[in-house]
Amino acid sequence: MVDSDAMRKTFLVPEIKPLDQYDFQRARVCASLGWLLAKSYGNAENVPEELREPFYSDQYEQEHIKPPVTRLLLSSDLYCRVCGLVLGGEGGAPRDNAALLQLLACRGVSLQEQDVPVTEADLRHKPIKMGAHLAVIDGLMSLCAMETMSAAKMPSGLEKFGGGSQWENAVLYWVNKCNHLLRETTEREQLHRLQPGSELAPAQPSIRYRKDKMLPKQTPTFPLVASVKDLSNGCAIAALVHFYCPSLLRLEGEMEDFCCCFACPGVCPAEHSRQKSCFGSGV
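Keep in mind that what you see is a predicted model, and the values were worked out from it rather than measured.

Reading guide: rules and limits
Residues numbered from 1 in each chain as written. Predicted model: local features only at pLDDT ≥ 70, side-chain atom pairs only at ≥ 80, totals over all residues. Heavy atoms only, no water. Helix = DSSP H or I, 4+ residues; strand = E, 2+ residues; numbered from the N terminus. Buried < 20%, exposed > 50% of the residue type's maximum accessible area, 1.4 Å probe, protein only. Contact = heavy atoms within 4.5 Å. Areas by Shrake-Rupley, 256 points an atom, 1.4 Å probe, with all protein chains shown as cover. Core = buried A, V, L, I, M, F, W, Y, C linked by side-chain atoms within 4.5 Å. Axes fitted to C-alpha atoms, helices over the stretch in contact; angles between N-to-C directions. Parallel < 35°, antiparallel > 145°, perpendicular 65-115°, else oblique. Left-handed = near helix turned anticlockwise from the far one by under 90°. Phe/Tyr/Trp six-rings, centres within 6.5 Å; stacked < 30°, edge-to-face > 60°. Patch = residues over 30% accessible without salt bridge, like charges linked within 9 Å, V, L, I, M, F, W, Y side chains within 5 Å. Salt bridge = Lys/Arg side-chain N within 4 Å of Asp/Glu carboxyl O. pLDDT = per-residue confidence, 0-100. Arc of directions from axis to C-beta. Expected span 1.5 Å × (residues − 1). Nonpolar A, V, L, I, M, F, W, Y, C, P; charged D, E, K, R; others polar.

Q: I'd like a description of the overall build of the protein, backed by residues and values.
A: Assigned secondary structure in the protein consists of twelve helices and four strands. Counting only residues that meet the buried cut, the protein has 31% of its 283 residues in that class. For the protein, long-range pairs separated by at least 24 residues make up 55% of all intrachain contacts whose partners lie at least 6 apart in sequence. For the protein, the exposed surface amounts to about 18100 Å²; the carbon and sulfur share of it is 56%.

Okay, here's the thing in structure tokens:
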């Protein structure tokens, strides 16, 4: 068994930067390559150290993708191996990028970069066309989701709930079901805490604080999602992580800070935590 406290130390929520400082393309490249390599090597811990951070900075402080990462992407081996692992041996892994593109097309996964279909030549091109490779990784992610959700059963009449593909609708149904259960559980616990004489009732503070020091308590939200875009702010995904791994992402703590960030855009999670600690110490 893995110690949950030790596990939580490795599960750190990164600082959320303001939108004007956030590099969306860099974040997408890191997340996409991180998923691809973790899938290829079995999990993130097995990824070689030199591949875990895909970028390096040159003498002019300009970032570039590391040569070992570039060589892996230009080779068809990495994509084909991941595809074979996703399909679980069904028909075997594709032999090369041409076979991979054909397989994805047959599965209904369209690969496009700026509305132009990705070709085998794009994946061999030097210097590397990162947009084409990101499209392939997105396609493999879609294939993985399709295979994962193929066994999911939805109630009759909800197959077109989200207006997207069948696997996307199954994902939305799954997320909503988990969030609904969490919302019901949290509401019951809150009602129980408010009952007089309850052991969970909050104790009255023995110290009086100035009103300007009071920080309103943020209640974690469990939103319903109607489309894949509704997952973009992360609240529903954070609730899903808590549902399956409550010791990694607690309702009171990380999720509270996370929800505060989106409820009060001017307050980042670190600042919210600092204010809570100051309030608790009577500063």
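Still more ground to cover, so stick around.
Q: Requested: an account of the nonpolar core, with residues and values cited.
A: Core analysis: the biggest nonpolar cluster contains 33 residues, and Leu36, Leu73, Tyr79, Val136 and Leu140 have the highest contact counts within it. Sorting the residues of this core by element identifies α2 (24-41), α4 (67-74), α5 (77-87), α6 (97-106) and α8 (130-149) as the ones contributing at least two each. Counting residues per element, this core draws most heavily on α8, at nine residues. For Leu36, the contacting residues outside a window of four places in its chain are Leu73, Leu78, Tyr79, Val82, Ile137 and Leu140.

Q: I'd like to hear about the packing of α2 against α5, residue by residue, with values.
A: Across the interface, α2 lies against α5 with an axial gap of 9 Å and an inter-helix angle of 65°. As far as their axial angle goes, α5 and α2 are roughly perpendicular. The element α2 and its partner α5 pack so that their crossing is left-handed. Each of Trp35, Leu36, Leu37, Lys39 and Ser40 in α2 lies in contact with α5, whose residues at this interface are Leu78, Tyr79, Arg81, Val82, Leu85 and Val86.

Q: Kindly report on the packing of aromatic side chains, identifying the contributing residues and their values.
A: Summed over the entire model, instances satisfying the criterion amount to three aromatic pairs. Judged by centre distance (4.9 Å) and plane angle (80°), the ring pair of Tyr22 and Phe24 falls under edge-to-face. A ring pair is formed by Trp174 and Tyr244, whose centres lie 6.2 Å apart and whose planes are at 50°; its orientation type is tilted. Taken together, the residues Trp174 in helix α9 (residues 166-194) and Tyr244 in helix α10 (residues 235-244) connect sequence positions 70 residues apart. According to the relative accessible area criterion, Trp174 is partly exposed, its value standing at 33%.

Q: Lay out a nonpolar patch on the surface in plain terms, naming residues and giving numbers.
A: A grouping of Trp174, Leu181, Phe243 and Tyr244 is seen on the molecular surface, where their side chains present a nonpolar patch of about 370 Å² in accessible area. Every element with two or more residues in the nonpolar patch is listed here: α9 and α10. By secondary structure assignment, the location of Leu181 is in helix α9. Overall, the relative accessible area of 39% leaves Leu181 in the partly exposed class.

Q: Residues and numbers for the confidence of the model for the protein, please.
A: A residue-level look at the protein finds 71% of positions with pLDDT of 70 or above and a mean pLDDT of 78. Averaged pLDDT values for the elements of the protein fall to 39 in helix α12 (residues 269-281) and rise to 96 in helix α7 (residues 120-124). Segment residues 6-11: pLDDT under 50, and eight contacts once partners within four positions in sequence are set aside and those in other chains are kept. With pLDDT under 50 throughout, residues 261-283 is counted as low confidence; its partners more than four residues away or in other chains account for 33 contacts.

Q: Which residues make up α4, and what values go with them?
A: Listing the buried residues of α4 in full gives Val69, Thr70, Leu73 and Leu74. Along the long axis of α4, the arc covered by the buried residues comes to 130°, so they all point the same way. Residues of α4 that are buried make contact with α2, α3 (49-52), β2 (63-65), α5, α7 and α8.

Q: Lay out the environment of Leu100 in plain terms, naming residues and giving numbers.
A: Among the secondary structure elements, Leu100 is positioned in helix α6. Its relative accessible area of 0% is what places Leu100 among the buried residues. Apart from residues no more than four positions distant in its own chain, Leu100 is found in contact with Tyr79, Cys83, Pro94, Val136 and Leu140.

Q: Before we move on, could you go through α9 and cite the residues and values that matter?
A: Three or four residues apart is the spacing at which side chains of an α-helix point the same way, because the helix has 3.6 residues per turn. The terminal C-alpha atoms of α9 lie 42 Å apart, and with 29 residues this matches the ideal 42 Å at 1.5 Å per residue to within 8%. When α9 is considered as a whole, its buried residues turn out to be Asn169, Ala170, Val171, Leu172, Val175, Asn176, Cys178, Asn179, Leu182 and Thr186. Those residues of α9 hidden inside the fold are in contact with α8 and α10.

Q: An account of the packing of α6 against α8 is needed here, citing residue identities and associated values.
A: At a closest axis distance of 11 Å, the pairing of α6 and α8 adopts a crossing angle of 50°. The pairing of α6 with α8 is recorded here as oblique in orientation. Of the two possible hands of crossing, α6 and α8 adopt the one that is left-handed. Contacts between α6 and α8 pair Leu100, Leu103 and Leu104 from the former with Val136, Gly139, Leu140 and Leu143 from the latter. Looking at the contact of α6 with α8 residue by residue, the classes come out as six nonpolar, one polar and no charged.

Q: Which residues make up the side chain of Thr70, and what values do they have?
A: Position of Thr70 among the secondary structure elements: in helix α4. Apart from the residues lying within four places of it in its own chain, the contact partners of Thr70 are Ile65 and Ile128.

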